[in-house]
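# Overview (structure and organization)
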Amino acid sequence: MARRQAPPGSQTSLREANRARVVESLKRHGRLTQIELAGSTGLSPATVSNIVKELTASGLLHTSFTTSSGRRATLVSLARRLGLVAGVHYSSRHLHIAIADTARTIVTQSSLPLPLDHRHDSELDRLALLLGDMMESLGGTLSDLLGVGLALPAPIDPRTGMVSTPGLLRGWEGVDVAESLSARIGRPVHVDSEANLGGLAEAREGNGRSAASSVFIRVGHTISAGLVVGGDLFRGVNGKAGQIGHVTLDEHGPICRCSNRGCLETYAGGPALLSLFPPSEGMHRLGDLLHAAEAGDGAARRVIADAGRHIGIAAASLCNLFDPEIIVVGGELGQAGEILMAPMRHSLERTALPSADGLPEIVGASFGEWAETRGAIAIALDHVTVDAQLPSAPSLPITA
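Once a new chain begins, its residue numbering starts again from 1 and follows that chain's sequence as written. Owing to the predicted nature of the model, reporting of local features is limited to residues with pLDDT of at least 70; listing and counting of side-chain atom pairs is limited to 80 or more, with chain, interface and lining totals taken over all residues. Side-chain descriptors were evaluated using all non-hydrogen atoms of the structure, hydrogens and water having been removed beforehand.

Per an unreviewed UniProt entry, the protein chain goes by the name ROK family transcriptional regulator and belongs to Microbacterium arthrosphaerae. UniProt positions are given in the numbering used here, feature names are shortened, and annotations may be inferred rather than shown by experiment. Listed in UniProt under the heading Sequence similarities (unreviewed entry), the comment for the protein chain reads: "Belongs to the ROK (NagC/XylR) family."

Put into C-alpha cells, the structure is as follows:
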C-alpha cells in the first residue's frame, strides 16, 4: 500500500521534514548527542528529544548514554539492524576494505598489498570475490550490502565517474569504475579520489570535524589533497581540485608522470624519496623508509624532513588560494609524524600569507591508513535512502 503524503505546510508535513533532518544529520556524522543534533539540524532540543524518542521506538534509531563536558548525555545513532555498507580504498600499493553498519561501526576489515601497476579488470574481479567472502563471514551475502564507496589514487570526474586526467592511473582510465564494480556485485557503487574521501572522513568525524574548512593532504606513493567546506567536498569542474602533487616547484626539474616538469611529486612522492637510496640499503617501500627513520637512521629522517619542506611550500600556495582553517596530513608517509610535519610548518610560516588569526594548524590524520576507507563508507552512506516516516504498516526502512 502506498504511503499517503501529508499536505505541504501541515503540522504532519513539518514533523516529517524534521525527522528527515535528524536522520540526514546522523547519516553525515555517525553518532551525535542530542545537543549536537539540535545544533546540526537547527531544531530545538525539545523537538530533537521528541523525534529521537519516536524514531527509537520505531526501531530506526539507537540511543545510549555517554558523558559530554562532564555531564551525562544521550548519544544517538542510526540503528545497526538497518544494514551494512562497504568502504574500499585502492592506493598505489595497497587495498583496504572495511564493512560497517549504518552507525559507522566497523564489523570486519581486511588489507593486502598490490602490485604497482594494478589494472581495473583483475582488481575489480578480486574485489568482488573478497566482498562476497567478507559478507559470508558475517552470515550474509552481497545482496545485504546497501552500497559500496570506493577510493582511487587519481582525480575522478564527478560528471562521468572516470579518471579525469590521463597518465595518473594507467589501467583504470576510460572506465566507469562504479558501473563496472556494480555490474560484478549487483549493488550501488560510488567512486571518488582517495584524497577527497580521506578529507571527508577527517572533516566529518576526525581532526577536521570542528573546522569550517579543511585540507587533507595525502602523502604516500603519490601526493594529493582533498578540500572540504562545511563538511562537503569541493571537487572542481573536472574533479581535479586539490591535485597538490602536481604543483610546479621547479619548471626545469625532473619529468613527472603527468608529463610536466618539477612537480611536487618528483621531489616528495614515494618513488622520488626511495630513489635517493642505493639498492643495497633495502629501501624498496615507504614502510622501509619509515622503519629506518623510527630507528633513528639519520639519512632516512633527513629525506622525510626534506619532503616535508617541499610539501610545506606547495601547501602555502594552497593556503593562499583556499584559506583553510586546518591542514590534516595523512597517507603512508604521514605516519612519520613530526619528522614530516615540523618542516611543513616551517615552510608554511616562511611562504604563506599571514593573517590576524595565524596560519592553519597542521595535524596528523586521526584514522591513519584507514582514513580513505572511512571516507568511502561515508560516501556510501550519503547515497543510502532512509525512510524517516513513522511506519503505518510493516515496511523496509532503508533502500539503496
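Now that the structure has been shown, we can carry on.
As a further point, take the sheet that holds strand 10 (residues 223–229). Any two strands are treated as partners once DSSP identifies two or more bridges connecting them. Numbering of helices and strands starts at the N terminus; helices are DSSP runs of H or I of at least 4 residues and strands are runs of E of at least 2. The five strands lie next to each other as 11-10-9-12-13, forming an open sheet whose pairing is mixed. The open sheet terminates on both sides in strands that have one partner only, identified here as strand 11 (232–234) and strand 13 (361–364). The mean inter-strand angle of the sheet, taken between neighbouring strand axes irrespective of direction, is 30°. Judged from the seven bridges that link them, strand 9 (residues 213–219) and strand 10 form a sheet pairing that is antiparallel. Its bridge partner lying in strand 10, Ile217 is registered against Ala225. Interaxial angle, 0 to 180 degrees, is taken between N-to-C directions of lines fitted to C-alpha atoms, where a helix line uses only the stretch in contact.

To continue, consider the nonpolar core. Within the largest apolar cluster, 41 residues are counted, with the highest numbers of intra-cluster contacts made by Ile217, Ile244, Leu289, Ile304, Ile311, Leu333 and Leu340. For this core, the secondary-structure elements that each account for two or more residues are strand 9, strand 10, helix 8 (270–274), helix 9 (286–294), helix 10 (298–322), strand 12 (326–330) and helix 11 (338–351). For this core, the leading source of residues is helix 10, giving 11 residues. Here, residues are in contact when the closest pair of their heavy atoms is within 4.5 Å. With residues near it in sequence (within four places) discarded, Leu289 still touches Leu273, Leu274, Phe277, Met283, Ala300, Val303, Ile304 and Leu333. In this structure, Ile97, Leu168, Val175 and Cys258 belong to the second largest nonpolar core, which totals 36 residues. Among the buried residues, those of types Ala, Val, Leu, Ile, Met, Phe, Trp, Tyr and Cys that are joined through side-chain atoms within 4.5 Å form a nonpolar core. Only protein chains enter the area calculation, which uses a 1.4 Å probe; residues under 20% of their type maximum are buried, those over 50% are exposed, and those in between are partly exposed.

Our next topic: the sheet that holds strand 7 (residues 145–152). What the five strands build is an open sheet, ordered 6-5-4-7-8; its pairing is mixed. Pairing within the sheet leaves two strands with one partner each, and these edge strands are strand 6 (106–113) and strand 8 (189–193). Strand after strand, the sheet turns through a mean of 15° between neighbouring axes, direction not considered. Taken together, the six bridges between strand 4 (residues 84–90) and strand 7 define a ladder with parallel strand orientation. Its bridge partner being in strand 7, Leu84 is matched across the sheet by Leu145. Contacts from helix 4 (residues 120–137) reach strand 4, strand 5 (94–101), strand 6 and strand 7 within the one sheet, and its direction differs from that of strand 5 by about 35°. Its contacts with the sheet put helix 12 (residues 371–382) on strand 4, strand 5, strand 6, strand 7 and strand 8, and the angle it makes with strand 4 is roughly 135°.

A word on the pairing of strand 13. As judged from the four bridges shared by strand 12 and strand 13, these two strands associate in the parallel manner. Residue pairing across strands places Ile327 opposite Ile362, the latter belonging to strand 13. By the criterion used throughout, a crossover qualifies as right-handed when its path from the first strand across the helix to the second strand runs clockwise, the strands pointing away from the viewer. Note that the unit made of strand 12, helix 11 and strand 13 has a crossover that is right-handed.

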